[in-house]
Amino acid sequence: RARVVVLLSGTGSLCAALLAATDDPGYPATVVAVGSDRDAEGLEHARRRGIATFTCRLRDHADRTAWDAALAAAIAEHRPDLVVSAGFMKIVGSAVLARFGGRLVNTHPALLPAFPGAHAVRDALAAGVEVTGSTVHLVDAGIDTGPVLAQREVPVLPEDDEARLHERIKTVERKLLVDTVARLVTGHAGNDTEEPR
Ligand code: GAR
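Position numbers for residues start from 1 in each chain and track the written sequence from start to end. Whole-chain, interface and lining totals are the exception, using all residues; otherwise, since this is a predicted model, local features are given only for residues with pLDDT of at least 70 and side-chain atom pairs are given and counted only at 80 or more. Only hydrogens and water are set aside; all other atoms, that is, all heavy atoms of the structure, feed into the side-chain values.

- Labelled according to an unreviewed UniProt entry, the chain appears under the name Phosphoribosylglycinamide formyltransferase, originating from Geodermatophilus sabuli.
- Under the heading Catalytic activity (unreviewed entry), UniProt records this for the chain: "N(1)-(5-phospho-beta-D-ribosyl)glycinamide + (6R)-10-formyltetrahydrofolate = N(2)-formyl-N(1)-(5-phospho-beta-D-ribosyl)glycinamide + (6S)-5,6,7,8-tetrahydrofolate + H(+)". UniProt positions are given in the numbering used here, feature names are shortened, and annotations may be inferred rather than shown by experiment.

Here is the structure:
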């Protein structure tokens, strides 16, 4: 099975969905390590499953370049075929991109290129859009700018606040991530986006 390293900063429900998928021996990937930039709740979940974890904090390094090099080395130790950023709230730098570019994917809670950045759900609500969604894309040097691999729409409901909308997006995101990782590691090219409305 393909080796996946997951990066996260938060609760890690997307990572948990991926871990649950790997319980099926027919799933083509396995999570070999979960890393974070902080003491994230998501690391606990991985530890309980006996999966290797690592933490690479920005404040433990002289600057961002040193942090990025350390992060690249920490990921590389686990020899991943694919690196998945699942709620990792830091922008990776050139060392990570040089080593893992093309096999580093991110999941984002909006229909990119709409609403990039750290507040995608809040920004979509503030803009008053009727439809937002979830995007899995390859990471490049920009902020949420890399090639889109898969997208799903999620309608915005009149009673939505940020938490409710984000939770509905995450429900869609979990499945999209699990399916897209399987598709990527089995080498099925192309993207999986819905037809534009
Ligand atoms: C997900 O919605 C993910 O797309 C988002 O953080 C959430 C993590 O949820 N990522 C970003 O906003 C990155 N800019 P989780 O901690 O429950 O897996």
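1. Observations concerning unusual backbone geometry
Thought 1: Of note, the bond from Leu 112 into Pro 113 is cis; its omega dihedral lies within 30 degrees of zero at 10 degrees.
Thought 2: One can find Pro 113 in the loop between strand E5 (104-108) and helix H5 (120-127).
Thought 3: Even without being a glycine, Arg 79 presents a positive backbone phi close to 45 degrees.
Thought 4: Note that Arg 79 resides in the loop between helix H3 (64-76) and strand E4 (82-85).
Thought 5: Its relative accessible area of 56% is what places Arg 79 among the exposed residues. Runs of H or I in DSSP of at least four residues are treated as helices and runs of E of at least two as strands, each being numbered from the N terminus. For every residue, the accessible area (1.4 Å probe, protein chains only) is compared with the maximum for its type, and the residue is labelled buried under 20%, exposed over 50%, or partly exposed between those bounds.

2. Considering the site of the ligand
Thought 1: The nearness test applies per residue and asks whether one of its heavy atoms lies within 4 Å of the molecule or strand. Residues in close proximity to the ligand total 14 residues, the closest being Gly 12, Ser 13, His 166, Lys 170 and Glu 173.
Thought 2: Here a polar contact is recorded for every N or O atom pair within 3.5 Å, except that within protein the pair must consist of a potential hydrogen donor and a potential acceptor, and residues adjacent in sequence are included only if both atoms are side-chain atoms. At a separation of 3.5 Å, an oxygen atom of the ligand approaches a polar backbone atom of Pro 109.
Thought 3: Computed on the free molecule, the ligand has an accessible area of 450 Å², of which 93% lies beneath the protein chains in the complex.
Thought 4: Every element with two or more residues in the shell around the ligand is listed here: helix H1 (13-22), E5 and helix H6 (162-185).
Thought 5: Counting residues per element, the shell around the ligand draws most heavily on H6, at 3 residues. For the accessible areas, the method is Shrake-Rupley and the probe is 1.4 Å, while residue cover comes only from the protein chains on display.

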